[in-house]
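# Observations on chain architecture
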Amino acid sequence: MKPLFLFRPEPGWSVSAQSAQDMGMNVRGAPLFAIEPVAWDAPSPEEFDGLLVGSANAFRHAGPQLDAYTRLPVHAVGEATAVAARNAGFLVGQTGRGGLQGLLDTLDGRALRLLRLAGEDRVPLHAPDSVTVETRVVYRAEPQGLTSEDAEALRSGGVVALHSGAAARRFAEEAEREGLDRSRIDLALIGPRVEPMAGTGWRSIHTADTPSDTDLLALARALCQT
């Protein structure tokens, strides 16, 4: 079985790595980004009906200003983010299963004012007519390099799972810097929007059925067995 390389930031890396190991995969890799907080101005919570959050990192890095919003329900992109919200003292209004845009679409028809707590590099969203979204950037991803061990292992090939466009761009940059043979590497992408950022020349490129960690890892497992 081919090794699986994971490069998403923490805390997602450890979650995905454990899931992949439980599925019988040989997991390698390390985060290609270190997450750090960004100073932000916190608007009045009275202006909003809820929070829109696409990553558990918002609760890890937004700081004490978050305390002002605990009365607002959190609309979370997925279960890991919902768990982080509950651990931070929030109630969860809705949990998505197909990306932040999919979650936002389910709110169509409800008159809502949402505060989006996001990273510096984020997916653009198109709010339904009934929903307004105001965004605050509360964290950023600082690029990291491939470890020498991972770079050497990738020279023999493997499967790389990429959870975001930013991860795809960064991995492509590192592959170029390390002089890796792309024709030996299969890519498993969390969604079609990621493919242009990954570039070309890879042995194969495949996209998960839905933008979820579960489906991405299922795809990666199938590729590891080829």
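Residues numbered from 1 in each chain as written. Predicted model: local features only at pLDDT ≥ 70, side-chain atom pairs only at ≥ 80, totals over all residues. Heavy atoms only, no water.

## Observations concerning the overall build of the protein chain
Looking only at helices and strands, the protein chain features eight helices and eleven strands. Taking 17 Å as the expected radius of gyration for a compact globule of 226 residues, we find that the protein chain reaches 18 Å, a close match to that expectation. Each of the three principal axes of the protein chain carries a C-alpha extent, and together these read 55 × 30 × 30 Å. When each of the 226 residues of the protein chain is scored for burial, the buried share is 48%. Sequence separation of at least 24 residues holds for 57% of the intrachain contacts in the protein chain that already meet a minimum separation of 6. Just so you have it, the protein chain exposes about 10500 Å², and 48% of that area is on carbon and sulfur atoms. One finds the centroid of the 22 positive side-chain charges in the protein chain at a distance of 2 Å from the centroid of its 29 negative side-chain charges. (Helix = DSSP H or I, 4+ residues; strand = E, 2+ residues; numbered from the N terminus. Rg over C-alpha atoms; globule rule 2.2 N^0.38 Å. Buried < 20%, exposed > 50% of the residue type's maximum accessible area, 1.4 Å probe, protein only. Contact = heavy atoms within 4.5 Å. Areas by Shrake-Rupley, 256 points an atom, 1.4 Å probe, with all protein chains shown as cover. Lys, Arg positive; Asp, Glu negative; His and termini not counted. Charge placed at Lys NZ, Arg CZ, Asp CG, Glu CD.)

## Details of the sheet that holds strand β5 (residues 74-76)
An order of β3-β8-β7-β4-β5-β6 is seen for the six strands of this open sheet, with the pairing classed as mixed. A single partner strand is all that each edge strand has here, and the edge strands are β3 (33-37) and β6 (92-95). For this sheet, the mean angle separating the axes of adjacent strands, direction not counted, is 30°. Across the sheet, helix α3 (residues 79-87) lies against β4 (50-53), β5 and β6, angled at about 170° from β6, the strand it touches most. Contacts from helix α4 (residues 99-106) reach β4, β5, β6, β7 (112-119) and β8 (131-143), with the element oriented near 150° to β4. (Pairing = 2+ DSSP bridges. Axes fitted to C-alpha atoms, helices over the stretch in contact; angles between N-to-C directions.)

## Structural notes on the pattern of salt bridges
If you walk through the whole model with that rule in mind, you get 19 salt bridges. A salt bridge links R155 to E152; the nearest nitrogen and oxygen atoms lie 3.5 Å apart. Owing to a relative accessible area of 32%, R155 belongs among the partly exposed residues under this scheme. What you see here is one network of salt bridges that share partners, running through E152, R155, R170, E173, E174, R177 and E178. (Salt bridge = Lys/Arg side-chain N within 4 Å of Asp/Glu carboxyl O.)

## Observations concerning the pairing of strand β10 (residues 185-189)
For a regular strand, the rule is simple: side chains alternate between the two faces of the sheet. Counting buried residues along β10, five of its five residues qualify, which places the element largely inside the surrounding structure. Of the two faces of β10, the one carrying I185, L187 and L189 and the one carrying D186 and A188 are both buried. Pairing of β10 with strand β11 (residues 204-207) involves four bridges; the strand directions are parallel. Bridge assignment links D186 to a residue of β11, and that residue is S204.

## Thoughts on the sheet that holds β11
Strand pairing in a sheet relies on backbone hydrogen bonds. The paired strands run either parallel or antiparallel. Spatially, the five strands line up as an open sheet ordered β2-β1-β9-β10-β11, and their pairing is parallel. Edge positions in the open sheet fall to β2 (27-28) and β11, since each of these has one partner strand only. Against the sheet, helix α6 (residues 165-178) makes contact with β9 (158-162) and β10, and its axis sits at roughly 140° relative to β9, the strand it touches most. Relative to β10, helix α8 (residues 213-224) is tilted by about 160°, and along the sheet it contacts β1 (4-6), β9, β10 and β11.

## Overview of the packing of aromatic side chains
Counted by the stated rule, this structure contains five aromatic pairs. Each ring, one from F171 and one from W202, has its centre 5.5 Å from the other, and the planes form 25°; the classification is stacked. Of this pair, F171 sits in helix α6 while W202 sits in the loop between α7 (195-198) and β11, and the two are 31 residues apart along the sequence. Grouped by ring-pair contacts, the aromatic residues F5, F7, F171 and W202 constitute a single cluster. (Phe/Tyr/Trp six-rings, centres within 6.5 Å; stacked < 30°, edge-to-face > 60°.)

Keep in mind these numbers describe shape, not what the thing actually does.
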